[in-house]
Amino acid sequence: MKRLLIATCIGAVVAFLWGFVSWELLPWHHMGTFKDDTAMSQAIRDNAPEHGIYMLPRRGANGLDAEAIAEGPLVYAVIRPGQLDQPWILNHHLMRSFIIQLLSSLILASTVYKIKASRFISRASVGIVMGLFAGVSSTLPFWNWFELPNARVLVHILDPFICWTLAGLCIAAILKPPGPRKIFT
């Protein structure tokens, strides 16, 4: 149990550090900006009354309007139109991010622990497969339905793949199954 907790914590630290490298040091999470932030902010405040997910063109009574989608623009956005109730503090988001990585790492470490594989590559492959699954299952629906640009698809698949491969390697190294006990030496 102690090794499982250590592996979970190490995996979470590795995943958290990868997140810093991925988002702060690598140039691949670049987001575009609008030509006129003030006008866009006002348009959002005027047209998005509450915090939520919004889509343009809107869904009509008969479902999606294929012509409006083809004509554009197509927007899928999380919008918080008003002011926060309290100040935005980076440390709070970093702590929540680490807790998310800790929970994810616990799932990965528990899976590695349960398979009791004797070979390192067998234990490490769990993180590789989980990272690929996370990247594919969370990215391709956005590519399919909301036209995530092709250039961004690879980044959004590689990011969790690399993250959980690295964390999985560390977890696999820590969670070695016990060898046969020697009664007489």
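Described in the following lines is the structure provided in the data block. These numbers were taken from a predicted model, which means no experiment stands behind them.

Criteria and thresholds
Residues numbered from 1 in each chain as written. Predicted model: local features only at pLDDT ≥ 70, side-chain atom pairs only at ≥ 80, totals over all residues. Heavy atoms only, no water. 1 Å grid on protein atoms, 1.4 Å probe; cavity = no way out; pocket = protein on both sides within 12 Å on 5 of 7 lines; lining within 4 Å. Points joined across faces, edges and corners; volume = space filled by probe spheres on them. Helix = DSSP H or I, 4+ residues; strand = E, 2+ residues; numbered from the N terminus. Axes fitted to C-alpha atoms, helices over the stretch in contact; angles between N-to-C directions. Parallel < 35°, antiparallel > 145°, perpendicular 65-115°, else oblique. Left-handed = near helix turned anticlockwise from the far one by under 90°. Contact = heavy atoms within 4.5 Å. Nonpolar A, V, L, I, M, F, W, Y, C, P; charged D, E, K, R; others polar.

**As for the layout of surface pockets**
Point 1. Here the largest pocket is characterised by a volume of approximately 1600 Å³.
Point 2. What lines the largest pocket is a set of 33 residues, among which Phe 34, Leu 74, Val 75, Tyr 76 and Ala 77 lie closest to the centre.
Point 3. Taken together, the elements giving at least two residues each to the lining of the largest pocket come down to α2 (37-47), β1 (52-56), β2 (75-79), α5 (120-146) and α6 (150-174).
Point 4. For the lining of the largest pocket, the element with the most residues is α2, which contributes 5 residues.

**Some words on the environment of Ile 79**
Point 1. Topologically, Ile 79 is positioned in strand β2.
Point 2. Separated by 34 residues in the primary sequence, Ile 79 and Arg 45 have C-alpha atoms spaced 9.3 Å apart.

**Details of the packing of helix α1 (residues 2-25) against helix α4 (residues 90-115)**
Angle between the axes and distance between the axes: these two values describe a pair of packed helices.
Point 1. The interhelical angle for the contact between α1 and α4, taken along N-to-C directions, is 130°, at an axis separation of 7 Å. Our classification of the angle between α1 and α4 gives oblique. The handedness of the crossing between α1 and α4 is right-handed. Between α1 and α4, the contacting residues are Leu 4, Ala 7, Thr 8, Cys 9, Gly 11, Ala 12, Val 13, Ala 15 and Phe 16 on the first element and Leu 94, Ser 97, Phe 98, Gln 101, Leu 102, Ser 105, Leu 106, Ala 109, Ser 110 and Tyr 113 on the second.
Point 2. Residues that form the contact of α1 with α4 fall into these classes: 13 nonpolar, 6 polar and no charged.

Everything listed is a geometric property; what it means functionally is a separate question.
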